[in-house]
Amino acid sequence: MASSVLSRALFAHRFLQSSSTHFNKPKFFSSIFSKRSFQLLLAPSHLSHKASGSAYCSMTSSAVASQASFSMQSLPNNEPVVSVDWLHANLREPYVKVLDASWYMPDEQRNPLQEYQVAHIPGTLFFDVDGISDRTSNLPHMLPSEEAFAAAVSALGIENKDGLVVYDGKGIFSAARVWWMFRVFGHDRIWVLDGGLPKWRASGFDVESSASSDAIFKASAASEAIEKVYQGQRVGPVTFETRFQPHLVWTLEQVKENVEEKTYQHVDARSKPRFDGVAPEPRKGIRSGHVPGSKCIPFSQMLDGSQTLLPADELKKRFEQEGKK
């Protein structure tokens, strides 16, 4: 899934923010390194996006003013992640909303919505990675149109003024995907919870053992809103305005072109056995192996034993090592 690629890109984003030598600031979100400067770009190579011209919305002055009202002093503007301690201290802030974006591989046989209902961080909304997707594609969880995304997150009660913290049930896995999705649609006030729900619980912080009827209703409403958009039906009030960032997405055609031109280095964030084609793919009908010319940097190597990000210096060291191969 894109999650592993996005997780690795999240790590690189954090590392690049803290480094002023050898690396340039990321220009867009990809799993690619420039061969000339070993510059990390961020755009999952196997995702595509169908931009909807009619759905494009620019930020209005009132929306900008609303965002300006969100001014928590401790907001980590230069970090893509926040700690569980930070979230615990700011959980009740009026413009902080938390999303459970848990998603699991098919062979794990885990149901993220059921697990959300059993235990989640208090006040959390459920973000359905599979549901908030392009319903015209036969591929799983492809990026939805702007109109569909705006309708779904509006149904969740999310506005442009909100600061979002997204987590998952593994530590850092699928949450990074949702972090990227919001950034693709122009919302930068989003962070991944470092260590996710496991770290939260290990720190002794409370969880809710049942979901409110309002939270379940909103999750269902988001799915219904997506369906209505793709069926050409009217949806309820849209409280979230998108600003699509095309430089954060690569199409299949761009990837194929780069395989030939070799301008950038493709990076595969899956496990080495899957990269080498010696381990079966978790989905039926998917061929083993990797994109020609790719390098393998398993995203799991960017986490410590508690499934939190490694220190920036260690991340830098590992990226540089791979860049020399």
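Residues numbered from 1 in each chain as written. Predicted model: local features only at pLDDT ≥ 70, side-chain atom pairs only at ≥ 80, totals over all residues. Heavy atoms only, no water.

1. Some thoughts on the sheet that holds strand β7 (residues 190-193)
- An order of β3-β7-β6-β4-β5 is seen for the five strands of this open sheet, with the pairing classed as parallel. At either margin of the open sheet sits one strand with a lone partner, and together these are β3 (81-82) and β5 (125-126).
- Where strand β4 (residues 96-100) lies against strand β6 (residues 163-167), five bridges are found, and the strand directions are parallel. Bridge pairing in β6 links Asp100 to Tyr167. (Pairing = 2+ DSSP bridges. Helix = DSSP H or I, 4+ residues; strand = E, 2+ residues; numbered from the N terminus.)

2. What to know about the nonpolar core
- Judged by nonpolar contacts, the single largest core of 43 residues is most densely connected at Leu99, Phe127, Phe149, Ile158, Val166 and Phe182.
- Residue assignment for this core shows that the elements contributing at least two residues are α5 (146-155), β6, α6 (175-184), β7 and α8 (213-230).
- It is α6 that provides the largest number of residues to this core, a total of seven residues.
- Once residues within four sequence positions are removed from consideration, Val166 is found in contact with Leu99, Ala101, Ala175, Val178, Trp179, Ile190, Trp191, Val192 and Leu193.
- With 15 residues, the next largest nonpolar core counts Val96, Ile121, Trp191 and Trp200 among its residues. (Core = buried A, V, L, I, M, F, W, Y, C linked by side-chain atoms within 4.5 Å. Buried < 20%, exposed > 50% of the residue type's maximum accessible area, 1.4 Å probe, protein only. Contact = heavy atoms within 4.5 Å.)

3. A short note on the pairing of β6
- Along β6, five of the five residues are buried, which leaves the element largely enclosed by surrounding structure.
- Here β6 shows two buried faces, one formed by Gly163, Val165 and Tyr167 and the other by Leu164 and Val166.
- Judged from the three bridges that link them, β6 and β7 form a sheet pairing that is parallel. Within β7, the position partnered with Val165 by the bridge is Trp191.
- Handedness of the β6-α6-β7 crossover: right-handed. (Right-handed = clockwise from strand over helix to strand, strands pointing away.)

4. Some thoughts on the packing of α5 against α8
- Two elements in contact, α5 and α8, have axes whose closest approach is 7 Å; the angle formed by their N-to-C orientations is 155 degrees. Our classification of the angle between α5 and α8 gives roughly antiparallel. Relative to α8, the crossing made by α5 is right-handed. Only Lys218, Ala221, Ala222, Ala225, Ile226, Val229 and Tyr230 of α8 make contact with α5, whose side of the interface consists of Glu147, Ala148, Ala151, Ala152 and Ala155.
- Broken down by class, the residue content of the contact of α5 with α8 amounts to 10 nonpolar, no polar and two charged. (Axes fitted to C-alpha atoms, helices over the stretch in contact; angles between N-to-C directions. Parallel < 35°, antiparallel > 145°, perpendicular 65-115°, else oblique. Left-handed = near helix turned anticlockwise from the far one by under 90°. Nonpolar A, V, L, I, M, F, W, Y, C, P; charged D, E, K, R; others polar.)

From the geometry alone we can't say anything about function, so treat these as descriptive.
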